[in-house]
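Next come the chains, spelled out residue by residue.
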Amino acid sequence: GYYFCQSYGWYPTRPSSFATRADFALEFRSPKSYTLVATGSKKSETTDGNITITSWQSDIPLAVAGFAFGDYKLYSEKAGAVEVEIYANRNPDDSLASLDAQHLPGEPTALPALGSLAPAALTKTMAIEVANTLRLFERYFGPYPYPRLAVTNIPYSYGQGWPGLLYLSTLSFLDSTQRQGLGIRAHVELTDFFRAHESSHQWWGHRVGWKSYHDQWLSEGFAQFSGNLYVLFRQNEKEYDARLRQDKQELLARDQRNRVYESLGPVWMGRRLASSDSPDAYSIIVYNKGGWVLHMLRNMLYEPRSQPPDARFIALMQEFCRTFHNQPASTEDFQAVAQKHLLPVMDLDNNGRLDWFFRQYVYGTGVPHYEFRYKIQEAGPGQWKVSGAVVPRAVPPGGKDLLRLYIHTSGKTARLGWLRASDQEMPFDFTLPLKPDKLSLNLHEDTLAEIRQ
């Protein structure tokens, strides 16, 4: 009931299409009974017998172009000035239709009644949810770059973000009852996270491209972070932390030769990370660790007393988007913008740069392991002295980190500050006006590290 083009190769492309931009003029001849949607704006539509002829023109130069057509139901929703259009099939695809066949009246079934599995049944919900992702990302990253966003369902479990056009897995068009009935447990991953990840490619990959394979993490790693960020706002901090832990667990998992994925190479190696021994290494490292890099920068710039607390991080991301609007960027370009926003506590080399951070997490490998030791002693009336050390247990040579310190007292938890860590033991001591029940490091996965405490 629908047709969509593959991600690459349906028209002649440059080897590094995301490092360039071009004007696209597209003309399609498609069955009159179907609706066609493509990147850009539709400039004309005529009919020739049973054929519909449509022409499309890019509004601004684009990196790539795509299209899809099918027996669609269309539903629209506004996200500010942006028109969100959902093109959803009126009937389920073959795989979902086969499940529907198990629920014929009077026939035995091993599954609960699922209702209609046609994507069109969820058009309004999808429009609202996608519009919400755009609202959040405009707040964090700046204006959406196109006049509309068209969204359509495709089979299988993957998605694709074209400029102004999204392919989303048909599984994301199921409601929670249907997913539960089909035994699908990854609810957030297939819905909130998935929609947001693909929506964010309108910024990461399209509004801001990448210069070479070394820099593709600026698209996929940033989209991974964006998907998780949306989960934080759409769900809660607990679900956000769970997403981060899952990404870390995948980094620390082993390939078929029993090698830790994260150790196979740095984010900067891009697609060269994949091999016959580790075909998943590219996606695990570039997506997951690339997303962690952005998450850690957000945490270091986070100021709870500011309104909003993410103001510095937002300023960084919006400047990056403005500076490289409709242009490719490199890893070095991103570091240069990030350094303009660093706080004094982040300046571990005392040179106003983030070399230590990029060297360890973008150009290097290794998830640091630390041990947290401390003791609390009375230090006079109403005063308590805390002393201890952050002890390295497995840290890359020359590695440095900032670890968020939390205080727990009277059943409440609060951020207390940062402790420095490195490949050498780092002692600390400070005084508090109350006796804490306990202290902890990295409580909310603030840094890509393992802490024994």
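Just above sits the structure.
Remarks on the packing of helix 8 (residues 281-301) against helix 9 (residues 311-323)
Right, so step 1: Contact pair helix 8 / helix 9: the axes reach a minimum separation of 7 Å and the direction vectors enclose 130°. Judged on the interaxial angle alone, helix 9 and helix 8 are oblique. Packed against helix 8, whose contacting residues are L294, L297, R298 and L301, the element helix 9 presents R312, F313, L316 and M317 at the interface.
Right, so step 2: The residue makeup of the contact of helix 8 with helix 9, split by class, is six nonpolar, no polar and two charged.

Describing the pattern of salt bridges
Opposite charge on two side chains permits them to pair, given that their charged atoms come into close proximity.
Right, so step 1: This model, assessed by the stated rule, comprises 26 salt bridges.
Right, so step 2: Each of E129, D192, R195 and R234 takes part in a single network of salt bridges with overlapping partners.

Notes on the environment of F67
Right, so step 1: Locating F67 in the fold gives a position in strand 6 (residues 67-70).
Right, so step 2: For F67, a relative accessible area of 8% gives the class buried.
Right, so step 3: In the structure, F67 is positioned 41 residues away from L26 in sequence and 9.7 Å away in space, judged by C-alpha atoms.
Right, so step 4: Excluding its chain neighbours within four sequence positions, the residues that come into contact with F67 are Y3, F4, C5, W10, F28, L36, V37, A38, L165 and Y167.

So, the pairing of strand 6
Right, so step 1: Burial along strand 6 is two-sided: the face carrying F67 and F69 and the face carrying A68 and G70 are both buried.
Right, so step 2: Strand direction decides the pairing type here: strand 1 (residues 2-4) and strand 6, joined by three bridges, are antiparallel. Directly across from F4, in strand 6, lies its bridge partner A68.
Right, so step 3: Relative to strand 6, strand 3 (residues 35-38) runs antiparallel, the two being bridged by four bridges. By the bridge assignment, L36 is partnered in strand 6 with F69.

Examining the side chain of D241
Right, so step 1: You can see D241 is positioned in helix 7 (residues 237-252).
Right, so step 2: The buried charged residue D241 lacks any salt bridge, with R245 as its nearest oppositely charged partner at 4.4 Å.
Right, so step 3: At a separation of 2.6 Å, a polar atom in the side chain of D241 contacts the side chain of H444.

Overview of helix 5 (residues 192-200)
Right, so step 1: The element helix 5 is largely enclosed, with a buried count of nine among its nine residues.
Right, so step 2: Of all the positions in helix 5, only D192, F193, F194, R195, A196, H197, E198, S199 and S200 are classed as buried.

Here's the deal with the packing of helix 5 against helix 6 (residues 217-234)
Right, so step 1: Contact geometry of helix 5 with helix 6 gives a least axis separation of 7 Å together with a crossing angle of 135°. When the axis of helix 5 is compared with that of helix 6, the two are oblique. Both helix 5 and helix 6 take part in a crossing whose hand is right-handed. Mapping the contact onto sequence places D192, F193, A196, H197 and S200 in helix 5 and E220, A223, Q224, S226, G227, N228, Y230, V231 and R234 in helix 6.
Right, so step 2: Of the residues belonging to the contact of helix 5 with helix 6, the class tally is five nonpolar, six polar and three charged.

Notes on the nonpolar core
Right, so step 1: Counting 105 residues, the largest nonpolar core has W217, F320, F334 and F357 as the members making the most contacts within it.
Right, so step 2: Sort the elements by how many residues they give to this core and helix 8 lands first, with 12 residues.
Right, so step 3: When near neighbours in sequence (up to four residues on either side) are disregarded, W217 contacts F222, V267, V286, G290, V293, T331, F334, F358 and V362.

Remarks on helix 6
Right, so step 1: With 18 residues, helix 6 should reach 26 Å at 1.5 Å per residue; the first-to-last C-alpha distance of 24 Å fits that figure.
Right, so step 2: With respect to burial, helix 6 is a largely interior element, 16 of its 18 residues being buried.

Quick look at the sheet that holds strand 5 (residues 51-57)
Right, so step 1: Spatial strand order, 2-5-4: three strands in an open sheet with antiparallel pairing. Here the strands that pair on one side only, and so sit at the sheet edges, are strand 2 (25-31) and strand 4 (41-48). Recorded for the sheet is a direction-independent mean angle of 20° between the axes of neighbouring strands.
Right, so step 2: By the bridge criterion, seven bridges tie strand 4 to strand 5 in an arrangement that is antiparallel. Residue E45 lies in a different strand from strand 5, and its bridge partner there is T54.

With respect to the pairing of strand 15 (residues 384-394)
Right, so step 1: Sheet topology note: the strand 14 (residues 369-378)/strand 15 ladder contains 10 bridges and is antiparallel. Of the residues in strand 15, the one forming a bridge with E371 is V391.
Right, so step 2: Counted between consecutive antiparallel strands, the loop separating strand 14 from strand 15 contains five residues, among which G380 sits at a positive phi close to 110°.
Right, so step 3: Relative to strand 18 (residues 426-432), strand 15 is paired through seven bridges, and the arrangement is antiparallel. Bridge assignment links K385 to a residue of strand 18, and that residue is T431.

Some points on the packing of aromatic side chains
Right, so step 1: All chains considered together, the criterion is met by 39 aromatic pairs.
Right, so step 2: Sitting above the plane of the F233 ring, R139 keeps its charged end 5.4 Å from the centroid.
Right, so step 3: The ring centre of F193 lies 3.9 Å from the NZ or CZ of R243, which sits over that ring.

Observations concerning the sheet that holds strand 8 (residues 82-89)
Right, so step 1: Taken together, the five strands give an open sheet; going across it, the order is 7-8-9-11-10, and neighbouring strands pair in mixed fashion. Each having just a single partner strand, strand 7 (72-79) and strand 10 (160-162) make up the two edges of the open sheet. For this sheet, the mean inter-axis angle between neighbouring strands, taken without regard to orientation, is 20°.
Right, so step 2: Taken together, the five bridges between strand 8 and strand 9 (residues 148-154) define a ladder with parallel strand orientation. Looking at the pairing, Y87 lines up with T152 of strand 9.
Right, so step 3: Each of strand 7, strand 8, strand 9 and strand 11 (165-169) is contacted by helix 2 (residues 123-141), which is oriented at about 35° to strand 7, the strand it contacts most.
Right, so step 4: Helix 5 rests against strand 10 and strand 11 of the sheet, and its axis sits at about 155° to strand 11.

Rules of the game
- Here the residue numbering is sequential within each chain, running from 1 through the sequence in written order.
- At least 70 in pLDDT is required for a residue's local features to be given in this predicted model, at least 80 for side-chain atom pairs to be given and counted, and no such filter applies to totals for whole chains, interfaces and linings, which use all residues.
- Side-chain metrics rest on all non-hydrogen atoms present in the structure, leaving aside hydrogens and water.
- Think of each axis as a best-fit line through the C-alpha atoms, taken over the contacting stretch in the case of a helix, with angles from 0 to 180 degrees between the N-to-C directions.
- The helix and strand labels rest on DSSP assignments: H or I over at least four residues marks a helix, E over at least two residues marks a strand, and numbering proceeds from the N terminus.
- In these notes the angle categories are as follows: under 35 degrees is roughly parallel, over 145 is roughly antiparallel, 65 to 115 is roughly perpendicular, and the rest is oblique.
- Throughout, a contact is declared for two residues whenever any of their heavy atoms are within 4.5 Å.
- The residue classification treats Ala, Val, Leu, Ile, Met, Phe, Trp, Tyr, Cys and Pro as nonpolar and Asp, Glu, Lys and Arg as charged. All others, Gly included, are polar.
- The rule for a salt bridge is simple: a side-chain nitrogen of Lys or Arg has to be within 4 Å of a carboxyl oxygen of Asp or Glu.
- We call a residue buried when its accessible area falls under 20% of the maximum for its residue type, exposed when it is over 50%, and partly exposed in between, using a 1.4 Å probe and counting protein chains only.
- Strands qualify as paired when DSSP identifies two bridges or more between them.
- Neither His nor the chain termini are counted; the positive set is Lys and Arg, and the negative set is Asp and Glu.
- For the purposes of these results, a polar contact is taken to be a pair of N or O atoms within 3.5 Å, where, inside protein, one atom must be able to donate a hydrogen and its partner to accept one; residues adjacent in sequence count only when each atom of the pair is a side-chain atom.
- Left-handed describes a crossing whose near helix is turned anticlockwise from the far helix by less than a right angle; the clockwise case is right-handed.
- Here the nonpolar core consists of buried residues drawn from Ala, Val, Leu, Ile, Met, Phe, Trp, Tyr and Cys, with membership extended through side-chain atoms lying within 4.5 Å.
- A helix is expected to span 1.5 Å for every residue after the first.
- For Phe, Tyr and Trp, where Trp contributes only its six-membered ring, two rings pair if their centres lie within 6.5 Å, and the inter-plane angle classes them as stacked under 30 degrees, edge-to-face over 60, or tilted in between.
- Here, a charge over a ring means that NZ of Lys or CZ of Arg falls within 6 Å of the ring centre while also lying within 35 degrees of the ring normal.

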